[in-house]
Amino acid sequence: MTAATTELPGAPATDATPAAGPRPPVALYIHIPFCVSICPYCDFVVYAGAAARGPRNRVEMFVAALMRELELRADALDRRFGPRPPLASVYLGGGTPSLLSAQTMNAILAVVARRFGLEPGAEVTVECNPGPDERGDARALRDAGVTRLSIGAQSLDPTQLARLGRRHAPEDVAAAVEEARAGGIGSVSVDLLYDLPGASLGDWSLDLDAALALEPDHLSLYALTLDDPDAEGLTGVGGDHLPTSSGARRWRERARARQDEDTAAAQYGLAVDRLRDAGWHGYEISNWARPGHESRHNLAYWERRPYEAVGPGAHAFDGEVRRWNAARLDSYIGALVPSDGSAARLPPGGQERLDTATAAAEAVILALRTDRGVAFAAASRPPLAAVVDWAATTGLLETTTDERVVLTTRGRLLSNELFSRLV
């Protein structure tokens, strides 16, 4: 069986061979760690309540620290690489970056443009929650240079939104999309979750129909994952996650008991068929776009290009080494805006230098996440050579008409099993 794929404009062909040596970043991720409230399933680095709003909020101090980190990271890149190409993309994630004022957003992006550079037509994405007091001013975002808005809907079913601890209503998602259009945002993305506790295939079908009716440019569809970062050792002082609250842990235990693998597979398969028939481009396991609206920033990750990152818990990659900032806000601010008046220093965190075998496996895994997959020649080289026959026999891989090896729909559903055999 064969399948045809569409090459993304400007996307480099890849044979899943890691590029040699460190390189300057093509993209920048900025983590804004504030939300009005924390959803019980969320594992992102988030501070809520009084830290995000009110007279004792920590937003202003955080922004001062963030600005300083941008300067220090740019200084380090200048020393290391000298003159470097401007960035192709910037992504402000969170948290809820849209909580920042238009003035603050302008100031952050001005520092980015001055110290890192932005190529003409660069993609600048901001994540937002769709609630009326959280989604920000779309026109002001556009005026600040934002070209893409990613709206965290998660569901358009009021019952499921309540179960997930979301603060918005379905009509807020519609309003957020409409305001983004009216404000001149050129590309609008909507996030949805499937495999929700107790949700049927019919429930998911209605959710998907409701999202398509909003006519976004991009859809990200993620299975609800209920991990335990504490058990994985990610929440220590230098870790890139925050400890899970006891309430969230109890919620996840109850939710996990109501999830069903077969229903989740059927929900994913329904989305694949419906979006393909509607002309959408399923360019990555969890992402679909109208032509020309693929996320260039996320493609940089999957194509294993180097990227810089700032903010608590943020991860960067230079082509050889992965680096992360620790998640704790106190230590982040304390390093960058010392209370004793001493010189600012980079925040605490960690790094990992990837060995040759790990880098090769990672390159194949990331490439297979996309609809371009890997060049046919990669199937005869490690690490794919050891598992390609098994994967083809079990229906996880197929060869396209242009000699690329890609995941089938079944392969996308069982990708974790395949990827675990590659590392």
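Residues numbered from 1 in each chain as written. Predicted model: local features only at pLDDT ≥ 70, side-chain atom pairs only at ≥ 80, totals over all residues. Heavy atoms only, no water.

Asker: Sorry, what's going on with helix H14 (residues 415–422) here?
Answerer: Residue pairs spaced three or four apart in an α-helix point in one direction, given the helix's 3.6 residues per turn. Within H14, the full set of buried residues consists of Ser415, Leu418, Phe419 and Leu422. Each buried residue of H14 sits inside an arc of 95 degrees when the element is viewed along its axis, so together they form one side. Of the surrounding elements, those touching the buried residues of H14 are helix H11 (356–369), helix H12 (388–393), strand S14 (397–399), strand S15 (404–407) and helix H13 (409–413). (Buried < 20%, exposed > 50% of the residue type's maximum accessible area, 1.4 Å probe, protein only. Helix = DSSP H or I, 4+ residues; strand = E, 2+ residues; numbered from the N terminus. Arc of directions from axis to C-beta. Contact = heavy atoms within 4.5 Å.)

Asker: Teacher, can you tell me more about the packing of helix H1 (residues 59–81) against helix H10 (residues 329–336) here?
Answerer: The geometry of a pair of packed helices is captured by two quantities: the angle between their axes and the separation between those axes. Following both chains from N to C, one finds H1 and H10 inclined at 60 degrees, their axes separated by 9 Å at the closest point. On the basis of the axis angle, H1 is oblique to H10. Where H1 crosses over H10, the two elements pack in a sense that is left-handed. Contacts from Met61, Phe62, Ala65, Leu66, Arg68, Glu69 and Leu72 in H1 reach Leu329, Tyr332, Ile333 and Leu336 in H10. In the contact of H1 with H10, the residues fall into 9 nonpolar, no polar and 2 charged. (Axes fitted to C-alpha atoms, helices over the stretch in contact; angles between N-to-C directions. Parallel < 35°, antiparallel > 145°, perpendicular 65-115°, else oblique. Left-handed = near helix turned anticlockwise from the far one by under 90°. Nonpolar A, V, L, I, M, F, W, Y, C, P; charged D, E, K, R; others polar.)

Asker: Help me understand the state of the cysteines, please; the structure alone is not making it clear to me.
Answerer: Covalently bonding the sulfur atom of one cysteine to the sulfur atom of another cysteine gives a disulfide. Inspection of every chain in the model, using the stated rule, returns 0 disulfides. Free of any disulfide, Cys35 has its nearest cysteine sulfur in Cys42, 6.5 Å distant. (Disulfide = S-S within 2.5 Å.)

Asker: Quick question: what am I supposed to make of the sheet that holds strand S13 (residues 374–375) here?
Answerer: With antiparallel pairing, 3 strands are arranged side by side in an open sheet as S13-S15-S14. Two strands in the sheet have a free side with no partner beyond their single neighbour: S13 and S14. One ladder, built from 3 bridges, connects S14 with S15; its direction is antiparallel. Bridged to Leu397 within S15 is Leu407. (Pairing = 2+ DSSP bridges.)

Asker: I would appreciate a short explanation of the environment of Leu164 in the present structure.
Answerer: Tracing the chain through its elements places Leu164 in the loop between helix H4 (158–163) and helix H5 (170–182). It is 42 Å that separates the C-alpha atoms of Leu164 and Ala385, two residues lying 221 residues apart in sequence. Not counting chain neighbours up to four residues away, the residues in contact with Leu164 comprise Cys39, Pro40, Tyr41, Gln154, Leu193, Leu196 and Trp251.

Asker: Can you walk me through the packing of aromatic side chains in this structure?
Answerer: Geometry of an aromatic ring pair is reported as the spacing of the ring centres plus the angle between the planes. Tallied over the full model, the rule gives 10 aromatic pairs. When the centroid spacing of 5.4 Å and the interplanar angle of 80 degrees are considered together, the rings of Phe34 and Phe62 count as edge-to-face. One end of the pair, Phe34, is in the loop between strand S1 (27–32) and H1; the other, Phe62, is in helix H1, with 28 residues separating them in the sequence. Both residues of the pair, Phe34 and Phe62, count as buried. Relative to Trp302, the ring of Tyr283 lies with its centre 6.0 Å away and its plane at 65 degrees, an arrangement referred to as edge-to-face. Residue Tyr283 is located in strand S7 (residues 281–284), and its partner Trp302 is located in helix H9 (residues 296–302); the two are separated by 19 residues in the primary sequence. Here a set of aromatic residues connected by ring pairs shows up, and it is made of Tyr194, Trp204, Tyr268 and Trp288. (Phe/Tyr/Trp six-rings, centres within 6.5 Å; stacked < 30°, edge-to-face > 60°.)

Asker: What is the right way to read the nonpolar core from this model?
Answerer: Nonpolar side chains in soluble globular proteins tend to end up buried together. The biggest cluster of nonpolar side chains holds 87 residues, and the ones touching the most others in it are Ile30, Leu221, Leu368 and Leu384. Element by element, the count of residues in this core is highest for H1, at 10 residues. Not counting the four nearest positions on each side in its chain, Leu368 is found in contact with Gly373, Val374, Leu384, Leu397, Val405, Val406, Leu407, Leu418, Phe419 and Leu422. Core analysis: the second largest hydrophobic core is formed by 13 residues, Cys39, Tyr41, Val46 and Leu196 among them. (Core = buried A, V, L, I, M, F, W, Y, C linked by side-chain atoms within 4.5 Å.)

Asker: In this structure, what is going on with the side chain of Arg304? I would like to understand it.
Answerer: Here Arg304 is to be found in the loop between H9 and strand S9 (307–310). Engagement of the side chain of Arg304 in a polar contact is seen with the side chain of Glu362, the distance being 2.7 Å. In this structure, Arg304 is in contact with Pro18, Arg23, Phe317, Gly319, Arg322, Leu354, Ala359, Glu362, Ala363 and Leu366, ignoring residues within four places of it in sequence. (Polar contact = N/O pair within 3.5 Å; in protein donor to acceptor, adjacent residues only side chain to side chain.)

Asker: Any chance you could explain the pattern of salt bridges here in plain terms?
Answerer: Close approach of charged atoms allows side chains of opposite charge to pair. By the definition in use, this model includes 28 salt bridges. One salt bridge connects Asp318 with Arg80, and the closest N-O pair in it is separated by 2.7 Å. With Asp318 in the loop between strand S10 (315–317) and strand S11 (321–325) and Arg80 in helix H1, this residue pair connects regions lying 238 residues apart in the sequence. Looking at Arg80, the relative accessible area reads 47%, which means it is partly exposed. One salt bridge connects Arg274 with Asp209, and the closest N-O pair in it is separated by 2.7 Å. (Salt bridge = Lys/Arg side-chain N within 4 Å of Asp/Glu carboxyl O.)

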